[in-house]
Amino acid sequence: MEPGALSQLRRGALEYCVLALLQDEPRYAVDLVTELGRHPSLVTSEGTIYPLLSRLRKEGLVLTEQRESEQGPPRRYYQLTRDGRRALDRFETDWRAFRDAVDETLRKDTP
Amino acid sequence: MTTPPLARGYLDDLRSVAAERLGSQRADELVADIGEHLEAAVADGRSVEDVIQRLGSPADIVAAEQPAPAAPPSTAPAARLRAQEIIALVLLLGGIIVFVIGWVVGVVLLWTSDRWSTRDKLIGTFLWPGGLGPLLIVGGFATSGSSEIQSCAGSTCTTVTETTGPPGWVGLVVVAVLVVVPVLTTIHLARSARVPRTA
């Protein structure tokens, strides 16, 4: 099993990565998940993103919409809500400060 | 589109794990999401094995559904058995020797605990009433129904056990059933009591 600390960080950051991927346009759930899955340090099991998406929807940070598809059944698209965008902006600011502080501290410890 | 057996097996597993932990409505939604993902990824030219491997185990997916706990859910230790459940299990199994009342107290503790379902409580009460008690009664018959004959020729002695009751294997089966069933019942109850029940 992975170290607890990393999995906690990942869990916290992943939802904002989902929001970030949606900031330009609505996206098809499968594309969204596949794209996140390209980063193994971020996502170990793609399937775990679906529960996350459902939570974001309940929290009102994303909306879903069914779109007709040429091949197969209708596809579920996710898009950012105004609250979602606000949460993302706030996270970006906090994250940069957090990341810089951690980087700087780690660098001091390395001779 | 037809679902390949491997994918169907995976989705069935997911459904049963999810239904148990999240309820059937949320399980259906989750299975629909994951099923759509599988179908689309396979239609995109990826192999079912690959897609399933990347999706991760049903247990991990369902664990991600629960609000973030302090530790990753799959490594979180099961809830500890509380004193009430431990005492209930001990009394159900062996309480009969404490003037029979011990077992009755065990049954009361069993039925007043919130850790067990009604089904578990019925299992705990009726498999077997008295726990290992019936074994003592039957065991008593078994010893009274057999006698040992020792015959000696010179320095070698042989002991022959003669059973006067039903053939020996019948007794063995009965004893085995009387021991195994309550032990299995106790193990089952100990396991289910580790999980706090959600209403």
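What this report covers is the structure whose coordinates are included nearby. Note that this is a predicted model, so its numbers are computed, not measured. (Residues numbered from 1 in each chain as written. Chains lettered and ligands numbered in written order. Predicted model: local features only at pLDDT ≥ 70, side-chain atom pairs only at ≥ 80, totals over all residues. Heavy atoms only, no water.)

## Digging into the interface of chain B and chain A
- Each partner contributes to the interface: chain B provides 27 residues, whereas chain A provides 26 residues.
- Between chain B and chain A the total buried area reaches about 1,900 Å² when both faces are included, carbon and sulfur atoms providing 50% of it.
- Contact with chain A buries area across many residues of chain B, yet B:Glu36, B:His37 and B:Arg54 alone supply 27% of it, more than any other trio.
- Scanning the region where chain B abuts chain A turns up two salt bridges.
- Between A:Glu46 and B:Arg54 there is a salt bridge, with the nearest N and O atoms lying 2.7 Å from each other.
- Linking chain B to chain A there are nine residue pairs in polar contact (both at pLDDT 80 or more).
- Where the side of chain B that touches chain A is concerned, the elements lending two or more residues are helix 2 (24-43), helix 3 (48-55) and helix 4 (58-65) of chain B.
- Element by element, the count of residues in the side of chain B that touches chain A is highest for helix 2 of chain B, at nine residues.
- Its residues placed into classes, the side of chain B that touches chain A shows 13 nonpolar, five polar and nine charged. (Contact = heavy atoms within 4.5 Å. Buried area = accessible area lost by both parts, 1.4 Å probe. Salt bridge = Lys/Arg side-chain N within 4 Å of Asp/Glu carboxyl O. Polar contact = N/O pair within 3.5 Å; in protein donor to acceptor, adjacent residues only side chain to side chain. Helix = DSSP H or I, 4+ residues; strand = E, 2+ residues; numbered from the N terminus. Nonpolar A, V, L, I, M, F, W, Y, C, P; charged D, E, K, R; others polar.)

## A few points about helix 9 (residues 168-193) of chain B
- Over its 26 residues, helix 9 of chain B extends 38 Å from the first C-alpha to the last, a length consistent with the 38 Å expected when each residue adds 1.5 Å.
- Looking at helix 9 of chain B, one finds that the buried residues are B:Leu178, B:Pro182, B:Thr185, B:Thr186, B:Leu189, B:Ala190, B:Ser192 and B:Ala193. (Expected span 1.5 Å × (residues − 1). Buried < 20%, exposed > 50% of the residue type's maximum accessible area, 1.4 Å probe, protein only.)

## Structural notes on a nonpolar patch on the surface
All names here are of chain B.
- Side chains of Ile97, Val98, Val100, Ile101, Val104, Val105, Val108, Leu136 and Ile137 sit close together on the surface and give an oily, nonpolar patch of about 810 Å² of accessible area.
- Of all the secondary-structure elements, those providing two or more residues to the nonpolar patch are helix 6 (101-112) and helix 8 (133-144).
- The element contributing the most residues to the nonpolar patch is helix 6, with four residues.
- Position of isoleucine 137 relative to the elements: it lies in helix 8.
- For isoleucine 137, a relative accessible area of 57% puts it in the exposed group. (Patch = residues over 30% accessible without salt bridge, like charges linked within 9 Å, V, L, I, M, F, W, Y side chains within 5 Å. Areas by Shrake-Rupley, 256 points an atom, 1.4 Å probe, with all protein chains shown as cover.)

## Quick look at the sheet that holds strand 3 (residues 75-80) of chain A
- Pairing within the open sheet is antiparallel, and its three strands lie in the order 1-3-2 (chain A). Both outer strands of the open sheet, strand 1 (27-28) and strand 2 (62-67) of chain A, are each paired with one neighbouring strand and no more.
- Pairing analysis gives six bridges linking strand 2 of chain A to strand 3 of chain A, with the strands arranged antiparallel. Its bridge partner lying in strand 3 of chain A, A:Gln66 is registered against A:Arg76.
- The strands touched by helix 2 of chain B within the sheet are strand 1 and strand 3 of chain A, with strand 3 of chain A carrying the most contacts at an inclination of about 110°. (Pairing = 2+ DSSP bridges. Axes fitted to C-alpha atoms, helices over the stretch in contact; angles between N-to-C directions.)

## Some remarks on the environment of B:Val90
Residue and element names in this part refer to chain B.
- Within the fold, valine 90 resides in helix 5 (residues 83-94).
- When its relative accessible area of 53% is taken as the criterion, valine 90 is described as exposed.
- With 41 residues separating them along the chain, valine 90 and glycine 131 place their C-alpha atoms 9.3 Å apart.

## Considerations on the nonpolar core
- Among the nonpolar cores identified, the biggest contains 42 residues, and A:Val18 and B:Leu38 are the most heavily contacted of them.
- Here this core gets seven residues from one element, more than from any other, and that element is helix 2 of chain B.
- Those residues within four positions of B:Leu38 in sequence are excluded, and the remaining contacts are B:Ala7, B:Tyr10, B:Leu11, B:Val48, B:Val51, B:Ile52 and B:Leu55.
- Among the nonpolar cores identified, the runner-up in size contains 12 residues, and B:Ala88, B:Leu89, B:Leu110 and B:Ala190 belong to it. (Core = buried A, V, L, I, M, F, W, Y, C linked by side-chain atoms within 4.5 Å.)

## Description of the side chain of B:Arg26
- Its place among the elements puts B:Arg26 in helix 2.
- Residue classification places B:Arg26 among the buried residues on the basis of a relative accessible area of 10%.
- Excluding anything up to four places from it in sequence, B:Arg26 contacts A:Tyr50, A:Pro51, A:Ser54, A:Lys58 and B:Glu65.

## Overview of empty space enclosed by the protein
Residues and elements named next belong to chain B.
- Across all of its chains, the model carries three cavities of 30 Å³ or more by this definition.
- Of the voids in this model, the largest cavity is the one considered here, and its volume is about 60 Å³.
- Leu89, Leu92, Leu93, Gly124, Leu127, Gly131, Pro182, Thr185, Thr186 and Leu189 are the residues that line the largest cavity.
- Sorting the residues of the lining of the largest cavity by element identifies helix 5 and helix 9 as the ones contributing at least two each.
- When residues of the lining of the largest cavity are assigned to their parent elements, the largest contribution, four residues, is made by helix 9.
- Residues of the lining of the largest cavity, tallied by class, amount to six nonpolar, four polar and no charged. (1 Å grid on protein atoms, 1.4 Å probe; cavity = no way out; pocket = protein on both sides within 12 Å on 5 of 7 lines; lining within 4 Å. Points joined across faces, edges and corners; volume = space filled by probe spheres on them.)

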